[in-house]
Structure formats: C-alpha cells, structure tokens
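Observations on the three-dimensional arrangement
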Amino acid sequence: MKLTALASGAALLPMGAEVHGQTKPATPVRPAFPGGERADPSWQRTWDAALAVLAGNVKTVPKFERPVLVEGSVYPGIWLECGPHEGLVYGTLASCVVAQDGSPSSLQIARNNHMAFFALQRPVGHESAGQLPAAIKMSDVGYGQIQMVVPIAATAWELSQLTDDDELLVTAYAACSRWDAWLREFRDTRKTGLVEGFCTYDTGHDNSPRWTGIPNQCPSADARNCPQIATMPRLCPDLSATVYGGRIALSHMATALGKPGEADRWRADAETIRHLIIDRLYDPKDAAFYDLDAQNNFVRVRSDVNSRVFGEHVLNPVKDKAIVDAVWTRQLHNPKAFWAPYPLTSVAMDDPTFVRPIPRNSWGGASQALTALRAPRWMPYYGKQAEMNHMMQQWCEAIMRHTEFRQQMDPLTGEFTQADPSGYSPAALVFLDYARRLSASPAKMTSTP
C-alpha cells in the first residue's frame, strides 16, 4: 500500500528528501592498507587527499537546489554517462566519509546525483518529453546528445536497495521508463530494435577515432537530430548495452513495486536487445563489437565499446561462453591490445588508429579513470577477480606516485596527462574504491598480470 501511494504521487516527491535508514558514522572507517603495520604511508596520504578532493567537488548546480558531486578538474558539472554512477560509488563509501554538521552525507549526495537528472527530465507536453539531460553544468543544462554509459536505472536501483529508499525507487521507475520510451522513439530511426548514435558525445568518446569525421554534438544541439551524413546513424553496441542494463534494472524495480506484468515485459525487451547486440554488432572474425553504420558496414575501431558491453552483462557467462572467452583473450586481456601495463586502454594498442602521443581528454588510447571505475561492475561477474586485483594495484600505484587525481594516463608508463589540473572525482573514487577492495582480499594481492 505504501508503494502504491508513492507511485500515484511520484511527480510530487521532494527532490531533496532524506535518505532512509542511514546514520552518520562517528569516526571514518579506514581500510587495512597493503603491507599492514608496515604499509607505505603513501596509501594513507593518498586516501586522505582523495577524500578531500571529493569533499571539495560537492557543489550546487543551477536549476537543482541540492548539492551534487561534480566531475571536477575542468568539468564543472555532472554528466549522465557517469554522474549517477560516481554518486553511487561515493555512497558506498559512506562509512569512510564523515560529513560536517549541516552538510549532506555521501549517501545524500548519491541520491542527489540521480534526482537532479529526474528533476530536469523533459516534462509531459514538451516536444521532447521524457528526455533526460545529458549534462547539468554550472553554465547550462544540455540536451544536445544522449551521453549515456552506465544506465541511470541500474545505479538508481542499486542505490534504492542500499538505502531502502522507496521514494527514489518510485521516482526512478517512472523517469527511467519515460527515458526508455524516448530512446525507442528518437534513437531507433532504422527500426532495428537497437540504439543509434548520432554524434561523438552520445557515447562520451571525446577525440576518439571511433567517431572520426562525425560532429561532436547533434545538429541544433537537439539529440533528436542526426547529421545528414551518408553513414549515419550508427547502431551502437555500447548504447544498446546501456539500454539493456536499464531494462534489466527496470524489471527489478517493477517487481519491487508489485508490477509483475511490467517486470515480465521489461525482461522480454531486455532479452530482445541483448540478442540483437550479439547477432548484429559482434564480429567473430575479430572477436570484437563494432558500430554498424547506415550502409551496414562495421566501423572497425577496436575501442572500449567491448568493455562497456561486458559492463552491462550482455553476454551470459555460460550461454555465451565462447564469445566471452574470445573477446577476453583476444582483446581485453591481450597485452598487445587493451591489457597494457596500466589497463584498460580506450583503443587497442595494436589498432591502427591508436593515438600516440596522447593528448588531453583523449579516448583514442589513454587509460581512462572512468573505465577503471566501471571495471568492478563486470570483471568479478566474469570470474576475473585476480586480473582485477592486478589492475587495481597498478592504478593505485600510479595515483600514489604523485598523489594527484587526473582524468587519464599513458597505459604504458602510468604517467597521468598533465594538461589539466588535478581534482578529478572519478580518479579519486577509483583510488578509494580500489584501495578498499584490495584491503578486503589481501591474500589475492600478489596476483600476476
């Protein structure tokens, strides 16, 4: 009855409501850093610095009254592809973060990083009703691309379970259902059942050879508009995987809300797009997932599209084992491709388009903090815990070297690109999340590459 009442009034829910069932820790919890009593002091120093970066990146953005965790460094705002996920990870660190009196807790910040997007969703009656903003920045709110990676439905579902937050659950279910409907209407113009990419920013792959020759943003800064280019629009594995993951989350939400019929429909729709991704966008010859352009040609750039497909568990570890093993062996864990000394690269090192030297903000080869932050969402699921332990050690070592938190690093040397200032939230979250995970499994910390 409680959920029914909430569902009927979801549009009226307060965007800044308190997170349910949480208490502030009296003292922050610190992990047992590697080395025990003889631990390198760099662990503690970097841990404290990372927490300080995140505290400094809690800000209020225009058109939403509650503080959020912004991207930081040169990115003053939150983006749909990563803001909700970063909020979720920050929320899971609640026992390690002590908010000052009167300041929001990390779990409240996590909630706000979701509610901001729901609050600014295009309303019923708008010509683009149901569209979520791609970015909520200090300067403006942007709707010129879809820019999604980790599905907001999935992170909202996980956060609602973590905090027993029925209001978040109801609000997220309504908003994400409308977002899915918008994507069906405006991003399936070829009627394939897959999700189409119209511009570079749709996937957040700035300066990636994947999108060479394609505009960064949609024409007229309207995500419904595809540029008049013969090869556009493209069917995109990662965008389609995001929708798949969102539909799985929506099925869980529907079940929790007592809507079994809707849960069944979401699961069926998820399974449909899952099969389409595999059937149409996977090339067994290369053991890679690719965009399929409007002329039905693969865009053969081996990018982190592959890890994004893994990220939403599109491939079943049992039923699709042959594909999982092929992509893992030939691409993701291949030291000539993505498994660099500091993994994972954004474009395979043996791909002809791999960019060297690495410029700033480049998804053309650099190992990105966002990719590292997403790795725990899929590597243990596919039984790659030992390899993830190695990856976590490498990232922590690279960050501790200078106690800085930057966007990307050279995958061969572990040196971070210096063009932009430190203070990047995803890198701080990577360190905190990785250090905590490593401390929980010390026996596995000597795993080999």
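On a predicted model such as this, the values are computed, not experimentally measured, just so you know.

**Considerations on unusual backbone geometry**
A cis amide bond links M232 with the next residue in sequence, P233, at an omega value of 5°. Among the secondary structure elements, P233 is positioned in the loop between β6 (196–197) and β7 (234–235). The step from P343 to L344 runs through a cis peptide bond, and the omega angle for that step is 0°. We note that D164 has phi near 55°; this positive angle belongs to a residue other than glycine. Position of D164 among the secondary structure elements: in the loop between α5 (152–163) and α6 (166–186). The backbone of N207 shows a phi angle near 55°, a positive value even though the residue is not glycine.

**Digging into the environment of F354**
Mapped onto the elements of the fold, F354 is located in the loop between α10 (321–332) and β12 (367–368). Sequence separation between F354 and S303 is 51 residues, and the spatial gap between their C-alpha atoms is 9.3 Å. Dropping the residues within four chain positions of it, F354 is found in contact with V347, A348, M349, G364, G365 and P411.

**Here's the deal with the pattern of salt bridges**
Overall, the coordinates contain 34 salt bridges when judged by the stated rule. Between R274 and E271 there is a salt bridge; the shortest N-O distance is 3.2 Å. Highlighted residues: R274 and E271, both in helix α8 (residues 260–281), separated by 3 residues, approximately one helical turn. Judged by its relative accessible area of 6%, R274 is buried.

**Thoughts on the sheet that holds strand β3 (residues 77–79)**
Pairing within the open sheet is antiparallel, and its 3 strands lie in the order β3-β4-β5. Strands at the two margins of the open sheet, each flanked by one partner only, are β3 and β5 (141–142). As judged from the 3 bridges shared by β3 and strand β4 (residues 135–137), these two strands associate in the antiparallel manner. Each bridged residue has a counterpart across the sheet, and for G77 the counterpart in β4 is K137. Packed on one face of the sheet, helix α4 (residues 106–119) meets β3 and β4 and runs near 75° to β3.

**A word on the side chain of Q147**
Tracing the backbone shows Q147 in the loop between β5 and α5. On the basis of relative accessible area, Q147 is assigned to the buried category, the value being 5%. Within the structure, Q147 has its side chain in polar contact with the side chain of Q145 (distance 2.8 Å). Not counting chain neighbours up to four residues away, the residues in contact with Q147 comprise W79, L80, E81, A134, Y201, D202 and G204.

**Structural notes on the environment of Q385**
Looking at the secondary structure, you find Q385 in helix α12 (residues 385–402). Residue Q385 is classed as partly exposed on the basis of its relative accessible area of 24%. C-alpha of Q385 to C-alpha of S177: the two residues are 208 residues apart in sequence and 33 Å apart in space.

Rules used throughout
- Residues numbered from 1 in each chain as written.
- Predicted model: local features only at pLDDT ≥ 70, side-chain atom pairs only at ≥ 80, totals over all residues.
- Heavy atoms only, no water.
- Helix = DSSP H or I, 4+ residues; strand = E, 2+ residues; numbered from the N terminus.
- Contact = heavy atoms within 4.5 Å.
- Salt bridge = Lys/Arg side-chain N within 4 Å of Asp/Glu carboxyl O.
- Buried < 20%, exposed > 50% of the residue type's maximum accessible area, 1.4 Å probe, protein only.
- Pairing = 2+ DSSP bridges.
- Axes fitted to C-alpha atoms, helices over the stretch in contact; angles between N-to-C directions.
- Polar contact = N/O pair within 3.5 Å; in protein donor to acceptor, adjacent residues only side chain to side chain.

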